[in-house]
Amino acid sequence: MRVSQLLNSLYSLSRILLLATLLLVSTETLSAQGLGGIDLKSVRVDDLSDEQILGYIRQAEEKGLTQSQLEELARQRGVAESEISKLRRRVERLRGGLSTDPSTPSNNRNLGRTTQLVTQEDVFGALSGQELADLTENQKRIFGFDLFQTKSLTFAPNLNLPTPENYILGPQDVLIVDMWGATQQYLELEVSSEGTVRPENLSPIYVNGLTIDKASEKIIARLSEVNSGLKSLNGAPPNIFYQVSLGNIRTINVNVVGEVGRPSLYALPSLATVYTALHAAGGPTETGTFRDIRLVRNNKLVTSVDIYSFLTDGIRSGDMTLKDGDVIIVRPTQSQIELEGEVRRPGLFELKPNEGFKDLLGFAGGFTNTAFKSLITVKRNGEREREIIDVDSEEFEAFYPKDGDLIEVSGILDRFSNRVIIDGAVFREGEYQLTKDLTVKQLIEKADGLRGDAYLTRATIYRTGEDFSQSTLPFDLGALRNGKIPDIPLLREDVVRITSIYDLREEYFVSISGEVQEEGVWPYFNQMNVKDLIVLAKGLKESASGALIEISRRNKNSSANTTAEIITLSIDEKLSLKGQEEMVLQPFDQVYIRKSPGYTVQQQVTVEGEIVAPGLYTISRKDERISDILSRAEGLTQYADPEGAILIRKTEFSDTKSNDQISQDYLQQLRQKVLNDESELKNISQVRLSERLDKIGNRTTQNTDDDLVGSQIKKERIEDITERDSLIKNIEIPDQEPVAIDLKKILESPGSKYDLIIRPGDIISIPGELQTVRIAGEVTSPLNLRYDSDYSFKDYIFQSGGFLQTAKRGRSYVQYPNGESKGVRRFLWFKKYPEIKPGSTIFVSRKAERQALNFQAIIAAVGSVATLALVVDRLSQNN
């Protein structure tokens, strides 16, 4: 009774999950008529995949709907009872259900042994997507060992197919009786441990050991006692129709013993076969047999399974459906042979007593296309030592390997019996067949003849002797070609090498650099001149000087006291030599296009602040000064403070651009503007301009600006000094730094020593009227104070609260708005403090921290002095 109660409880739970699935899908759509897009009235559970069903189950559990709500909604939507039953069975099988619950009493009534329960993660491993387990190298070599090690091939029975006709009912099987017509009934009848089913209000019906058809006849006959419409009466046809099917299948217990990975008692579906049980047990071990796996039932041998028939032909020889109490025995292998070398599946194989080398070769997939098939080598274990057996191809049929044999299949020799080779200056280099009486001229004809660059004075035949010694046979190719010397017959493995004239000389090239669009090295062509090379370099730049072109030519005169010959040329805008004949270049010439003197791109300075016309100003002359720029900017405004003016100049560490880089920036801006023009009415010139700008891209050239090169060298020297000098290691030089100027003197005396020459990137900043003075450093209250012409240095210190005890008064200084600084001057005990101007900043320095001299330091110093005195005294005595 307790077993029956537990089974009923589990059945109710699975029924709740099924109905929850249907309700969830129904409530999540507005019409409540679809199951994943399918009308519930016409739904076919067989069309749903396992993944869909598992997804619906998870959604139903999240909703937490009650059983009554689920039942009512499912029936309102017109779901057939038969389809609900099918879905329930699918859910039970996927989730483990009654057949996989380890708490089921029927699974614990065995002889006190532990039962390995096989759930959907074991039998239905294909749903898990697990891959092949890690195998040892020896396991990988055993033919068929990996068959039972993967989860993607489980040999699980297909539970979605109709019940087999020969299926025999037993305890735990569930029969579904669906009746419709004059009455609507749905019955689930579970076969009890006594082998009976019992419809409500009827006596038990014994169905154990019967097929579905036989059991259906007995059940319908018993149900007709209370439902007369199941049979025809007085010639009238039945008005109640029925269908009897198998619901949940039972679990059977099968012992898997012997040489398997996990020998144990397994609970499997009643449709499981020998292959299913072997997979659950991990398959045979390295010492287990694959050829004679035995199934014992009721202490009798029922069948023997040969796994090799499945591996080679796909036939599951001897495989049978298991029954409760079956025993599968995997015995140790009796004959294991190793086959290696040129076969398609080398490894360890197991042979039966009547199988020979031909069968072994079939298991290995046959020879490879490079195998030496005339002879195999067998290494066999003798009684006292090993021995080698050579087996010819005529003996393959009659040769029977023994346990422990190592059979080696070697490959054919990596050599050719009729090969000759030709390479070099022919149209078709390669390997050719050595035909009878083949000669050098015939081989050249096979290779489509000589190329124009063939060196006709000498060619070479490289010949390999029978003892593998190398010899050369040179000949005059031109004379052979003209018939002046006899043709040369060829032998096997001869190599005919026709040398190219370009292989015998240095490769010719010319180079061009300087003011051209694309500097670099170019191949040399016969009769090539300077104009041709400039065209290859994409033409001259605007900065190029037509009168400053040099050609540097290698000096071939060893007696001359020169290292190179220098040739100077002048060309016009059309690349024609001025008053000279076209200069033909020679190999290795280097052409230099110099920059036109004084050429430069526009460069600017910035004027900001209290100026009449602030902004960017282009430098017009190399000696242009600050006063010139201010004059072009219409002078200062009435609110300007000339004493506070400052010049900001780029240092060596700034990102200064060369003329070429500036030009590239302008071209990129032009390119971006053309690309941003979305008009479809571009004329042909705009299209061609866009194409030319795309080709230019981010082309960069070597920087040849002298000032930039010098700045780079200066920057490197400063960096080197800072790395070596520990006192200035942490000093950082900014990209820009202020330069102190005296704008009053500049405006009073333009061109004087105070009027600096401006440089590209300079910023002239002229502030407005300044009215404050800032006090910073070691004072009581650092702050900004109103400027007062009557206040002195000490007055401003007094206004900020006076010096602190840590202040070093003599090192105080004033920094003026123009960047200039002045410190406190001392003469004897007199101090002269600097003048204070509007916008100035007073800095009061801090005293260096002193470490108190402790007793140990004093003792050490005294000891050092005493030691020194002793050494001096001894030296004086020796003298």
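Above this text you will find the structure in question.
Residues numbered from 1 in each chain as written. Predicted model: local features only at pLDDT ≥ 70, side-chain atom pairs only at ≥ 80, totals over all residues. Heavy atoms only, no water.

Trainee: Before we move on, can you summarise the overall build of the protein chain with the specific residues and values?
Mentor: A count of helices and strands for the protein chain gives 20 helices and 38 strands. Out of the 879 residues in the protein chain, the part that is buried amounts to 37%. When contacts within the protein chain are restricted to residue pairs at least 6 apart in sequence, those whose partners lie at least 24 apart make up 62%. Here the protein chain has roughly 52200 Å² of accessible surface; of this, 49% comes from carbon and sulfur atoms. (Helix = DSSP H or I, 4+ residues; strand = E, 2+ residues; numbered from the N terminus. Buried < 20%, exposed > 50% of the residue type's maximum accessible area, 1.4 Å probe, protein only. Contact = heavy atoms within 4.5 Å. Areas by Shrake-Rupley, 256 points an atom, 1.4 Å probe, with all protein chains shown as cover.)

Trainee: Could you give me a rundown of unusual backbone geometry, with the residues and numbers involved?
Mentor: We note that aspartate 448 has phi near 65 degrees; this positive angle belongs to a residue other than glycine. Relative to the helices and strands, aspartate 448 resides in the loop between helix H11 (440-446) and strand E19 (459-464). Not every positive phi belongs to a glycine, and phenylalanine 588 is a case in point at roughly 75 degrees. For phenylalanine 588, the position within the fold is in the loop between strand E25 (564-569) and strand E26 (590-595).

Trainee: Tell me about the nonpolar core, residues and numbers included.
Mentor: In globular proteins that are soluble, nonpolar side chains generally tend to be buried together. Within the largest apolar cluster, 49 residues are counted, with the highest numbers of intra-cluster contacts made by Leu268, Ile307, Leu322, Ile328, Phe357 and Ile407. The dominant element in this core, judged by the number of residues it contributes, is helix H8 (residues 274-280), at 5 residues. Of all hydrophobic cores here, the second largest spans 23 residues; its members include Leu187, Ala215, Ile240 and Ile249. (Core = buried A, V, L, I, M, F, W, Y, C linked by side-chain atoms within 4.5 Å.)

Trainee: Lay out a negative patch on the surface with the relevant residues and their values.
Mentor: Taken together, Asp390, Asp392, Glu394 and Glu395 make up a surface patch of like negative charges. Mapping aspartate 392 onto the fold places it in strand E15 (residues 386-392). (Patch = residues over 30% accessible without salt bridge, like charges linked within 9 Å, V, L, I, M, F, W, Y side chains within 5 Å. Salt bridge = Lys/Arg side-chain N within 4 Å of Asp/Glu carboxyl O. Lys, Arg positive; Asp, Glu negative; His and termini not counted. Charge placed at Lys NZ, Arg CZ, Asp CG, Glu CD.)

Trainee: Please set out the sheet that holds strand E13 (residues 347-350) residue by residue, giving values where relevant.
Mentor: Across a sheet, strands are paired by hydrogen bonds formed along the backbone, either parallel or antiparallel in direction. Strand order in this open sheet of 5 strands is E13-E12-E16-E14-E15, and the pairing throughout is mixed. The open sheet has two edge strands with one neighbour each: E13 and E15. Each strand of the sheet is rotated relative to its neighbour by a mean of 25 degrees, with strand direction disregarded. By the bridge criterion, 7 bridges tie strand E14 (residues 375-381) to E15 in an arrangement that is antiparallel. The residue bridging arginine 380 from the neighbouring strand is glutamate 387, located in E15. (Pairing = 2+ DSSP bridges. Axes fitted to C-alpha atoms, helices over the stretch in contact; angles between N-to-C directions.)

Trainee: Could you give me a rundown of the pattern of salt bridges, with the residues and numbers involved?
Mentor: As enumerated under the stated definition, the model contains 29 salt bridges in all. Put simply, glutamate 518 and lysine 538 hold a salt bridge, and the shortest N to O gap is 3.5 Å. With glutamate 518 in the loop between strand E22 (509-514) and strand E23 (520-523) and lysine 538 in the loop between helix H13 (530-536) and strand E24 (544-554), this residue pair connects regions lying 20 residues apart in the sequence. Of the residues examined, glutamate 518 reaches a relative accessible area of 30% and is grouped as partly exposed. For the salt bridge of aspartate 762 with arginine 649, the shortest nitrogen-to-oxygen distance reads 2.6 Å. With aspartate 762 in the loop between helix H18 (743-748) and strand E31 (763-766) and arginine 649 in strand E29 (residues 646-650), the pair connects residues that are 113 residues apart, well separated along the chain. A relative accessible area of 17% means that arginine 649 is categorised as buried. Look at the salt bridges and you will find they share partners, linking Arg291, Asp306, Lys352 and Glu355 into a network.

Trainee: How would you explain the environment of phenylalanine 525 if you had to name every residue and give the values?
Mentor: Topologically, phenylalanine 525 is positioned in the loop between E23 and H13. Placed 15 residues apart in sequence, phenylalanine 525 and valine 510 show a C-alpha to C-alpha distance of 9.1 Å.

Trainee: Residue-level account of the side chain of threonine 273, with values.
Mentor: As for its position among the elements, threonine 273 is in the loop between strand E8 (264-269) and H8. A distance of 3.1 Å separates polar atoms of two side chains, one belonging to threonine 273 and the other to arginine 316. A polar side-chain atom of threonine 273 sits 3.2 Å from a polar atom in the side chain of aspartate 319. (Polar contact = N/O pair within 3.5 Å; in protein donor to acceptor, adjacent residues only side chain to side chain.)

Trainee: Would you mind going over the packing of aromatic side chains in detail, with residue names and values included?
Mentor: Under the definition given, this model contains 14 aromatic pairs. Where phenylalanine 357 meets phenylalanine 396, the ring centres are 4.9 Å apart and the plane angle is 50 degrees; that geometry is what we call tilted. One end of the pair, phenylalanine 357, is in helix H10 (residues 357-363); the other, phenylalanine 396, is in the loop between E15 and strand E16 (406-409), and 39 residues separate them in sequence. When sorted by exposure, phenylalanine 357 lands in the same class as phenylalanine 396, which is buried. (Phe/Tyr/Trp six-rings, centres within 6.5 Å; stacked < 30°, edge-to-face > 60°.)

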